[in-house]
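Coordinate inspection notes
The lines below spell out each chain.
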Amino acid sequence: MKKIRSIQFKVFICLFISFMVVFGYIVKTKYDQSFNELVYNTDYTASDDYINFCNTIDSRGPHQVELDLEKIKKELGNLPKDDMTEICLLDTKGKLINQYGYNKKDRLLIASSPFVESDDSNDYYNLEYYIDLSELSNKQYKLLKDTIKDVDEKGYDEINLCFEGQIEELQNFKETSQLIYNAKIRYFKVTPTFIHYNTDIFGKKQGNSISATLEAYVDDGDYHLSRHGEVVNDIKKVSTLKMNQLTKDAIDNHFSNIYVRLASFLDKDTITSKENRKMTNEIATSIKEGTLTYATFTKLLDDYSYQVLLLPLYKYQGYTEGQEHTPEAFIAVFYDFQSGGRNQLRNDLIKDNFPLLLGGFLFIVLFSYLISYMTTRRIKEIDRVAMEITNNNFKGVLDTKGHDELSSLSSHINTMSSNLKRNIDALNLEIDQVKKMEQLRKEFIAQFTHEIKTPLAIINGNIDLLENVDDEDKKAKYIEVINKEISVINDLVLQMLDLSKLEAKAVTLDKKEIDLRELTEDIVVMNNLMDKKLKIEIQGEDVLIVSDRKRIEMVIQNYLSNAIKHAFINSTIKIKIKENEFSIENKGKQIDEKRMDTIWESFVSDDQKGTGLGLAIVRNILELHEMRYGVHNLEDGVEFYFRWKK
């Protein structure tokens, strides 16, 4: 077997090396490319206004010497809130002082009026309104949310938000706001006295209302886009509640496990994963020790990613050679939250490079097939012949030339094939007989178990009743029921024994000459016809047949019992005795043509009180007598018959 192991090992090594070379190359180059595209993404975002504003705090000019943290807190607190930006003020150890963004208390409407011309210049502005909903009652607030949902679902045209109230412009971005589509943004805080959106929501209209487009609403601190809201680049926005949690986790962990995007000591356009891990540890340590200089980076998790600006605030401006100042605080701007992370990188890697992956896979398959074919041809031939032997085809003969292990195996298989052919031919008849007997045994047990369960249950129930009753009449009644069910079990057992003997051909017929009419008359006398008020008419003269009287009596009794059970009330059952045929005809329900053959099988019965063994016994008795039998429907009934040779 050493040769086989050697072949298997060579095939495995070829497959493994081929796969690792192709897969490793793709993963290394393509993953690093996707990684850097995410880390160095510098597309314009709405957060740039916040970043520019925070930069001005750190560059207030040479005249400002003292760092006024209280003033900075106030200025940051007056910033308009953004659904993709969180600003935090930290101490030198990276602990949170204040956080500025949506919180659980916020209930706002956010509306906009694009491209409004300024009164005192030729500039154009996008006006953003933050409408405070804190004064709305719960009923009014519910009406507002239901109205927004209704407008969004039904897609009404020209539904503008109208409002009145105290309007105060937020001045923070006046100087730092960037142009977007040739227009800057001006932000306003609104304390409303009147709100109308498809219906009057709050207050009463008094003067000239301002009309604007509803962009979103903030419900208990969570940001919800209206149908006018825009999802950029098909990126699903992260909820503000999730943003707050991610921000808190990053600060609590001193921004550990970050991916570097830009730092003062990094002078590269791209970085590898190995370099990134080193830079990550260095920056995380610097943040923890409070010595980090200005830096921006991307934080990448399994399902989320976002960018962070860390801006140190110094007490004194300027820099003197050899003298490094310690920051008094940090401003952290969290922005560009999106529902993507390491998992998205892996998914994009597979999706974007599917043709290359498929090409590599096909190469591996073809290469592996070539090698395996060259090394395993004889193994395949042995497998083919072995499969033929498994399918009882012993014509295949293997080539035994050579002196290796495969030649020896081929010789042994040839010998085994010839021996198996002789033995299998000898055993086939015996196996068939054993299978037949085993099937009969299983059917017998299954059928018997099924039929005996009902009377046993009745007996068990009446025994329980008998133990708990003192009334002698009731006891007698229960005992009568028990005896009746015992009789049913006894009849069933006897019938099953008769049937099993008949099917096993273990019955010896005691054939004698009998008078069929005389036997029929004796059987008729024993049957009760009063319940249905039936009449029996026997037609034909005396006919002598040679048969087993006891067995033929069972046949006639079963035929007659079936006729009585299924005959209409006040009808006549006709028994016809001919030269070579006996039949019983009754007027009653016909038999479904599809069931004509199945009624002769065991446990097939239309009568819930019957065992379903009668006709199966009849079939076996008549077959032992080499008689033909059958049933057919008449115009208004059914006729059973059996015939014998003249």
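Scoring rules and cut-offs
Each chain has its residues counted from 1, following the order in which its sequence is written. Restriction of local features to residues with pLDDT of at least 70 applies here, the model being predicted, together with a cutoff of 80 or more for giving and counting side-chain atom pairs; totals for whole chains, interfaces and linings are based on all residues. Values shown for side chains rest on all heavy atoms present in the structure; no hydrogens or waters enter the calculation. For helices the rule is a DSSP run of H or I covering at least 4 residues; for strands it is a run of E covering at least 2, with both sets numbered from the N terminus onward. Partly exposed residues are those whose accessible area sits between 20% and 50% of the maximum for their type, while under 20% is buried and over 50% is exposed, using a 1.4 Å probe and protein chains only. The contact definition used throughout considers only heavy atoms, calling two residues in contact when any of these lie within 4.5 Å. Using a 1.4 Å probe, accessible areas were evaluated by the Shrake-Rupley method; residue-level cover was limited to the displayed protein chains. Two strands pair under a simple rule: DSSP has to find at least two bridges between them. Axis definition: a line fit to C-alpha positions, over the contact stretch in the case of helices; interaxial angles, taken between N-to-C directions, run 0 to 180 degrees. Any pair of nitrogen or oxygen atoms within 3.5 Å is treated as a polar contact; in protein, a donor-acceptor pairing is required on top of that, and neighbouring residues in sequence qualify only through side-chain atoms on both sides. For patch building, the residue pool is restricted to those with more than 30% relative accessible area and no salt bridge; the joining distance is 9 Å between like charges and 5 Å between nonpolar side chains (Val, Leu, Ile, Met, Phe, Trp, Tyr). Salt bridge, as used here, is a side-chain nitrogen of Lys or Arg placed within 4 Å of a carboxyl oxygen of Asp or Glu. Definition of nonpolar core: a set of buried residues of the types Ala, Val, Leu, Ile, Met, Phe, Trp, Tyr and Cys, connected through side-chain atoms within 4.5 Å. We call two directions roughly parallel when the angle between them is under 35 degrees, roughly antiparallel when it is over 145, roughly perpendicular when it lies between 65 and 115, and oblique otherwise. Handedness of a crossing follows from how the near helix is turned relative to the far one, being left-handed for an anticlockwise turn of less than a right angle and right-handed for a clockwise one. Here the term charged refers only to Asp, Glu, Lys and Arg, the term nonpolar to Ala, Val, Leu, Ile, Met, Phe, Trp, Tyr, Cys and Pro, and the term polar to all other amino acids, Gly among them.

**With respect to the overall build of the chain**
Each helix and strand counted, the chain has 13 helices and 20 strands in total. Here the chain, with 646 residues, has 39% of them falling under the buried criterion. Across the chain, contacts joining residues at least 24 apart in sequence account for 69% of those joining residues at least 6 apart. When the accessible surface of the chain is summed, it comes to about 38900 Å², and 52% of that surface belongs to carbon and sulfur atoms.

**Regarding the sheet that holds strand β19 (residues 628-633)**
Spatially, β15-β17-β18-β20-β19 is the arrangement adopted by the five strands of the open sheet, whose pairing is mixed. Of all the strands in the sheet, the pair left with one neighbour each is β15 (535-539) and β19. Going from strand to strand, the sheet's axes swing by 15° on average, the running direction of each strand aside. In this structure, β15 lies alongside strand β17 (residues 572-577), joined through five bridges in parallel fashion.

**A look at the environment of Thr 240**
The topology assignment puts Thr 240 in helix α5 (residues 240-252). Residues Thr 240 and Met 84 lie 156 residues apart in sequence; the distance between their C-alpha atoms is 7.7 Å. For Thr 240, the residues in contact, after removing those within four places along its chain, are Asp 83, Tyr 102, Gly 221, Asp 222 and Tyr 223. Among the polar contacts made by the side chain of Thr 240, one reaches the main-chain amide nitrogen of Tyr 223 at a distance of 3.2 Å.

**Topic: a nonpolar patch on the surface**
The grouping of Phe 16, Ile 17, Phe 19, Met 20, Val 21 and Phe 23 at the surface amounts to a nonpolar patch, some 580 Å² of accessible area in total. Secondary-structure assignment places Phe 16 in helix α1 (residues 2-39). Residue Phe 16 is classed as partly exposed on the basis of its relative accessible area of 44%.

**Concerning unusual backbone geometry**
Backbone geometry at Asp 220 places phi at a positive 50°, although glycine is not the residue there. Tracing the sequence through the fold places Asp 220 in the loop between β8 (210-219) and β9 (222-225). A positive phi angle, close to 55°, is found at His 254, a residue other than glycine. If you trace the backbone, His 254 turns up in the loop between α5 and β10 (259-263). Of the residues examined, His 254 reaches a relative accessible area of 22% and is grouped as partly exposed.

**Here's the deal with the side chain of Asn 620**
Inspection of the secondary structure assignment puts Asn 620 in helix α13 (residues 614-624). On the basis of relative accessibility, which here comes to 3%, the residue Asn 620 falls in the buried class. Looking at Asn 620, its side chain comes within polar contact range of the main-chain oxygen of Ala 616, at 2.7 Å.

**Things to note about the nonpolar core**
Nonpolar side chains in soluble globular proteins generally cluster together in the buried interior. Grouped together as the largest cluster of nonpolar side chains are 47 residues, with contacts concentrated most on Tyr 559, Phe 582, Phe 640 and Phe 642. If you list the elements that add at least two residues to this core, you get α9 (405-467), α10 (472-503), α11 (516-526), α12 (549-566), β17, β18 (581-587), α13 and β20 (637-643). Examining the composition of this core, we find that eight residues originate from one element, α12, more than from any other. Setting aside chain neighbours within four positions, we find Phe 582 in contact with Leu 516, Thr 520, Ile 556, Ile 575, Lys 576, Ile 577, Phe 640, Tyr 641, Phe 642 and Trp 644.

**Things to note about the packing of α11 against α12**
Two numbers describe how α11 lies on α12: the axes approach to 10 Å, and their chain directions differ by 50°. In terms of axis orientation, α11 runs oblique to α12. Handedness of the crossing formed by α11 with α12: right-handed. Residue-level contacts link Leu 516, Leu 519, Thr 520, Asp 522, Ile 523, Val 524 and Met 526 of α11 to Arg 549, Ile 552, Glu 553, Ile 556, Gln 557 and Leu 560 of α12. For the contact of α11 with α12, the per-class residue count stands at eight nonpolar, two polar and three charged.

So, to be careful, I would describe these as geometric facts and stop short of saying anything about function.
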